[in-house]
Amino acid sequence: QVQLVESGGGLVQAGGSLRLSCAASGRTFSTYAMGWFRQAPGKEREFVTAIGWNGFNTYYADSAKGRFTISRDNAKNTVYLKMNSLKPEDTAVYYCAAHKVPKTTAQDMSRTTNVYWGQGTQVTVSS
């Protein structure tokens, strides 16, 4: 069993920034790729970004590239999503995810549904 708890969501004006955190427990954190997904009302859940096991690589969706940064602190069992230059279309529930397969890459994370999910945190960007 793996438990993931997101925090840091909220309301921000367009152009502003937020930093989301995801605290993990239940296994050796650094061995597993981690990622962020989001789901807007009426839309499918979509991949945002991921970081490979032990932080060896990162990968971003086109919508996030250049604005968002994923990082991890293995000592704290925490992954972060720094979001800059936020747009109204970024409004969604953001979900942290941990791959169930060890030692995979950020790109692997973008393609899999074999993950543990956090409960989600709401991000709302006003125009």
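In the block above lies the structure referred to throughout.
Residues numbered from 1 in each chain as written. Predicted model: local features only at pLDDT ≥ 70, side-chain atom pairs only at ≥ 80, totals over all residues. Heavy atoms only, no water.

A. Focus on the overall build of the chain. Assigned secondary structure in the chain consists of one helix and 11 strands. For the chain, the N- to C-terminal ordering of α and β elements is β-β-β-β-β-β-β-β-β-α-β-β. Based on the C-alpha atoms only, the size of the chain along its principal axes is roughly 40 × 25 × 25 Å. Buried positions account for 44% of the 127 residues belonging to the chain. Expressed as a percentage of contacts within the chain between residues at least 6 apart in sequence, the contacts between residues at least 24 apart total 60%. A total of about 6,200 Å² of accessible surface is found on the chain, and carbon and sulfur atoms cover 47% of it. Counting 14 positive and 8 negative side-chain charges, the chain places the centres of these two groups 5 Å from one another. (Helix = DSSP H or I, 4+ residues; strand = E, 2+ residues; numbered from the N terminus. Buried < 20%, exposed > 50% of the residue type's maximum accessible area, 1.4 Å probe, protein only. Contact = heavy atoms within 4.5 Å. Areas by Shrake-Rupley, 256 points an atom, 1.4 Å probe, with all protein chains shown as cover. Lys, Arg positive; Asp, Glu negative; His and termini not counted. Charge placed at Lys NZ, Arg CZ, Asp CG, Glu CD.)

B. Layout of the sheet that holds strand β1 (residues 3–7). Across the sheet, which stays open at both edges, the four strands sit in the order β1-β3-β8-β7 with antiparallel pairing between neighbours. Unpaired on one side and paired on the other, β1 and β7 (68–73) mark the two borders of the sheet. Geometrically, the sheet is characterised by an average inter-axis angle of 15° between neighbouring strands, direction not taken into account. By the bridge criterion, six bridges tie strand β3 (residues 18–25) to strand β8 (residues 78–83) in an arrangement that is antiparallel. Bridge pairing in β8 places L18 opposite M83. (Pairing = 2+ DSSP bridges. Axes fitted to C-alpha atoms, helices over the stretch in contact; angles between N-to-C directions.)

C. Representation of the environment of M109 in the model. Structurally, M109 can be placed in helix α1 (residues 106–111). Residue class for M109 comes out buried when judged on its relative accessible area of 0%. Each C-alpha atom, one on M109 and one on A33, is 6.7 Å from the other, the two residues being 76 residues apart in sequence. When near neighbours in sequence (up to four residues on either side) are disregarded, M109 contacts A33, M34, G35, F37, F47, A50, A97, A98, H99 and V115.

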